[in-house]
Amino acid sequence: MSTADPVKVAVVYYSSTGIIAAIAKEISSAAENAGAEVRLRRAKELAPQAAIDSNPAWAENARATASIPEAVPDDLLWADAMVLGTPTRFGNVSSQLKQVLDQLGGAWEKGLLADKVYSGFTSSATLHGGQESTLLALYNTMHHFGGLIASPGYTDGSKFVDGNPYGTSHVDGAGENPVDDVTRQAARVQAERVVRIARALKSGLAQT
């Protein structure tokens, strides 16, 4: 693989009040700094406008991220690696991000999602609010795709500070705790690991 053929990373997320959006942007920047070509994409909003308008933070995030393109299947087919973000919804993946994945049945059937690198990130309002179960649920889909999971593990000393080997996660305290340096460092570690593994995989597959 030449330097003219960089690793392609799709960062696809759903965010209501902006926490996941902030982490997604951090991961995107870190992946670009690691030499990847990046597409930052948001999942289409499914909630009614009345629900969005009832929460000022939700409405503000909708306005602030309106210029980010909505994810389509081609974004995931284009990518060598995907980093997927979702708030935890009762310990599970949000319906908005799940809809993005549920549109990929045809691509899955053709094997077009196999042999790619996948990783995930999440947030919850409370400590132990379903973060790990959300990421594990997300990874179930990746196993069906035939993908390779690049979780951060405890591969960097900073991981013993944020404490989540499954992926970057943040406790937002129902909007009281903005994304902090601990979470941003976790996002950078994860992004760099994803790019490094995807680069090695892409190079190896090119030689087979």
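This section reports on the structure supplied with the text. (Residues numbered from 1 in each chain as written. Predicted model: local features only at pLDDT ≥ 70, side-chain atom pairs only at ≥ 80, totals over all residues. Heavy atoms only, no water.)

### Some points on the packing of helix α1 (residues 19-33) against helix α9 (residues 181-206)
To be explicit about the condition: Comment: axis = line fitted to C-alpha atoms, over the contacting stretch for helices; angle = value between 0 and 180 degrees taken between N-to-C directions. Runs of E in the DSSP output that reach at least two residues are strands. Runs of H or I that reach at least four are helices, and both are numbered from the N terminus. Small angles under 35 degrees read as roughly parallel and large ones over 145 as roughly antiparallel, with 65 to 115 read as roughly perpendicular and the rest as oblique. The hand of a helix crossing depends on one turn: near helix anticlockwise from the far one by less than a right angle means left-handed, and clockwise means right-handed. Should any heavy atoms of two residues lie within 4.5 Å, those residues are counted as being in contact.
In the contact formed by α1 and α9, the axes pass within 8 Å of each other and the chain directions differ by 45°. Considered as vectors, α1 and α9 are oriented oblique to each other. For α1 against α9, the interelement crossing comes out right-handed. Taking contact as the criterion, the partners of Ala22, Ile23, Glu26, Ile27, Ala30 and Ala31 in α1 are, on α9, Thr183, Arg184, Ala187, Arg188, Gln190, Ala191 and Val195.

### Let's talk about the nonpolar core
Rule in force here: We call a set of buried residues a nonpolar core when its members are Ala, Val, Leu, Ile, Met, Phe, Trp, Tyr or Cys and they connect through side-chain atoms within 4.5 Å of each other. A simple rule labels every residue: compare its accessible area, found with a 1.4 Å probe on the protein chains alone, to the largest value its type can have, and call it buried under 20%, exposed over 50%, or partly exposed in between.
Val9, Val11, Tyr13, Ile23, Ile27 and Phe121 are the most contacted members of the largest nonpolar core, which has 27 residues in total. At the level of elements, β1 (8-13), α1, β2 (37-42), β3 (81-87), β4 (117-124) and α9 are the ones that each hand at least two residues to this core. Broken down by element, this core gets its largest block of residues, 8 residues, from α1. Those residues in contact with isoleucine 27, other than ones at most four positions away along the chain, are Val11, Val83, Phe121, Ala187, Gln190 and Ala191.

### With respect to the pairing of β3
Using the following cut-off: A pair of strands is considered paired only if DSSP assigns at least 2 bridges between the two.
Within β3, 7 of the 7 residues are buried, leaving the element largely enclosed by the surrounding structure. Covered by surrounding structure in β3 are Ala81, Val83, Gly85 and Pro87 together with Met82, Leu84 and Thr86, the residues of both alternating faces. Pairing geometry for β1 and β3, over 5 bridges, is parallel. Along β3, the bridge assignment pairs alanine 10 with methionine 82. Relative to β4, β3 is paired through 7 bridges, and the arrangement is parallel. Bridge assignment links glycine 85 to a residue of β4, and that residue is phenylalanine 121.

### Focus on the pattern of salt bridges
Operational definition: Salt bridges are defined as contacts in which a side-chain nitrogen from Lys or Arg sits within 4 Å of a carboxyl oxygen from Asp or Glu.
Under the defined criterion, the tally for this structure stands at 12 salt bridges. For the salt bridge of aspartate 75 with arginine 41, the shortest nitrogen-to-oxygen distance reads 3.3 Å. Here the residue aspartate 75 occupies a position in helix α4 (residues 73-78), and arginine 41 occupies one in strand β2, the gap between them amounting to 34 residues. Owing to a relative accessible area of 17%, arginine 41 belongs among the buried residues under this scheme.

None of the figures reported here should be taken as evidence of function without further support.
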